[in-house]
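Results of the structural survey
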Amino acid sequence: KNEVEQSPQNLTAQEGEFITINCSYSVGISALHWLQQHPGGGIVSLFMLSSGKKKHGRLIATINIQEKHSSLHITASHPRDSAVYICAVRWTIKAAGNKLTFGGGTRVLVKP
Amino acid sequence: DAGVIQSPRHEVTEMGQEVTLRCKPISGHNSLFWYRQTMMRGLELLIYFNNNVPIDDSGMPEDRFSAKMPNASFSTLKIQPSEPRDSAVYFCASSWGGVYETQYFGPGTRLLVL
């Protein structure tokens, strides 16, 4: 079964702390997305990765294809980073087609 | 740029009624995605269009759901007849280049079927 697991499910941090969210998947992928869903429900696409590392502001996303694992790091966290972070993968197996499979999300709360 | 536009933002209807959700993608984008989000199942991709053609509709739950994209600037997701279990937030997203490119999400339509 093709699965995407995120950890932790919930995370509380103090403003300024370094945050790491993890995403593991069961079989080979061709692309992995990190999404951010704000408390109001809006969704923003943060990164699309197929290898290596990407950085945007205080956000860094890495992927290790061999270990089937990706991490999203938030440096110098701020209360406005409070959101649900979701990873989604596109499998390489032909039977999966173009389907994206989503992790269950990590709810992040950054306290001032 | 106005971003992805969805309408209505909220919809409350009774079981058995037809529901039509609308989406206007970002101008110039050639891929459009419909997603559904519920507490139980999280985010799910329902259907994906590329150049107005449905590429993958394997996520469409059943025959009661249908989606169309008559032109590059408009898509609809229709549920007929609606059921309480269809209650969810439905997101539309668009991108230039399909699943390998950054997707831009609309604000979502919150649907409640009574």
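Here, every reference points to the structure presented above.
Quick look at the structure, then.

1. Side note on the state of the cysteines
Residues and elements named next belong to chain B. Here the structure, examined in full by the defined rule, presents two disulfides over all chains. Two residues share a disulfide in this structure: C23 and C92, whose sulfurs sit 1.9 Å from each other. Across the disulfide from C23 to C92, rotation about the S-S bond amounts to roughly -70 degrees, and the bridge is consequently left-handed. On the criterion of sequence distance, the pair formed by C23 in strand β3 (residues 19–24) and C92 in strand β9 (residues 88–95) is long-range, its members being 69 residues apart.

2. What about the sheet that holds strand β7 (residues 59–64) of chain A?
Residues and elements named next belong to chain A. Reading across the sheet, the five strands line up as β1-β3-β8-β7-β6 and stay open at both edges, with antiparallel pairing between neighbours. Whereas interior strands pair on both sides, the edge strands pair on one side only; in this sheet they are β1 (4–7) and β6 (53–56). Direction aside, the axes of adjacent strands within the sheet are offset by 15 degrees on average. Direction of pairing for β7 relative to strand β8 (residues 69–74): antiparallel, over a ladder of six bridges. Across the sheet, residue I63 finds its bridge partner in β8, namely S70.

3. A short note on the interface of chain A and chain B
Each partner contributes residues to the interface: chain A has 17 residues there, and chain B has 17 residues. Note on chain A versus chain B: buried area summed over both sides is about 1500 Å², and carbon and sulfur give 59% of it. Applying the counting criterion to the chain A and chain B interface returns zero salt bridges. For the side of chain A that touches chain B, the elements supplying multiple residues, two or more each, are β4 (29–37), β5 (43–49), β9 (83–91) and β10 (100–102) of chain A. Looking at which element gives the most residues to the side of chain A that touches chain B, the answer is β4 of chain A, with five residues. Among the residues making up the side of chain A that touches chain B, the classes are represented as eight nonpolar, seven polar and two charged.

Definitions and cut-offs
- Residues numbered from 1 in each chain as written.
- Chains lettered and ligands numbered in written order.
- Predicted model: local features only at pLDDT ≥ 70, side-chain atom pairs only at ≥ 80, totals over all residues.
- Heavy atoms only, no water.
- Disulfide = S-S within 2.5 Å.
- Helix = DSSP H or I, 4+ residues; strand = E, 2+ residues; numbered from the N terminus.
- Pairing = 2+ DSSP bridges.
- Axes fitted to C-alpha atoms, helices over the stretch in contact; angles between N-to-C directions.
- Contact = heavy atoms within 4.5 Å.
- Buried area = accessible area lost by both parts, 1.4 Å probe.
- Salt bridge = Lys/Arg side-chain N within 4 Å of Asp/Glu carboxyl O.
- Nonpolar A, V, L, I, M, F, W, Y, C, P; charged D, E, K, R; others polar.

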